[in-house]
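Take a look at the letters that make up each chain.
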Amino acid sequence: GSRSSAVGDRVLEVTDRACQRLQQAGARLVTRRESQHRSGIVIFDLPGQEPNEVRQRCIDAGVVVSCRGGGVRISPHAYADEVDLDRLVEACTAR
């Protein structure tokens, strides 16, 4: 069965919040987020933007992401906070 931990729960909470914020900014989630598929790893794309360019803007902003599956992959940790999510969303939406 699935076991719960404070860190694991926090990772899902941060990841859910990142997904919400990214979708509000126009991102399309590639990774499924239904309860049985939830994890701390998410791939998304931004229509009309090259994943490598989004990745470079994130790296320049101090946000570590990678390119996978034709999109941008995030894997936030439990210590990520709203300031980190702000940097992610700003870097993703800056053009």
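Everything below is about the structure shown above.
What you see as residue numbers is a count from 1 along each chain, following the sequence as written. In keeping with the model being predicted, local features are shown solely for residues with a pLDDT of at least 70 and side-chain atom pairs are shown and tallied solely at 80 or more, while totals for entire chains, interfaces and linings include all residues. With hydrogens and water stripped out, all remaining heavy atoms of the structure feed into the side-chain values.

Re the sheet that holds strand E1 (residues 28-29)
- With antiparallel pairing, four strands are arranged side by side in an open sheet as E1-E2-E4-E3. Here the strands that pair on one side only, and so sit at the sheet edges, are E1 and strand E3 (66-68).
- A pair of strands is treated as paired once DSSP finds two or more bridges between them. Numbering goes from the N terminus for both helices and strands, where a helix is a DSSP run of H or I of at least four residues and a strand is a run of E of at least two. Where strand E2 (residues 42-45) and strand E4 (residues 71-74) come together, three bridges link them in antiparallel fashion. In the strand pairing of E4, phenylalanine 44 is matched with valine 72.
- Any two residues whose heavy atoms approach within 4.5 Å are treated as being in contact. Think of each axis as a best-fit line through the C-alpha atoms, taken over the contacting stretch in the case of a helix, with angles from 0 to 180 degrees between the N-to-C directions. Against the sheet, helix H1 (residues 6-24) touches E1, E2 and E4, its axis set at about 5° to E2.

Regarding the pattern of salt bridges
- Within this document, salt bridges are pairs made up of a side-chain nitrogen of Lys or Arg and a carboxyl oxygen of Asp or Glu, the two lying within 4 Å of each other. Here the structure, examined in full by the defined rule, presents nine salt bridges.
- Two residues, arginine 87 and aspartate 84, come together in a salt bridge whose shortest N-O distance is 3.2 Å. Here aspartate 84 and arginine 87 lie together in helix H3 (residues 82-93), a separation of three residues that amounts to about one turn.
- Burial status follows relative accessibility: with a 1.4 Å probe on protein chains alone, a residue under 20% of its type maximum counts as buried, one over 50% as exposed, and anything between as partly exposed. Take aspartate 84: its relative accessible area is 25%, and that puts it in the partly exposed class.
- One salt-bridge network, in which partners are shared between bridges, spans Arg17, Arg21, Glu82 and Asp86.

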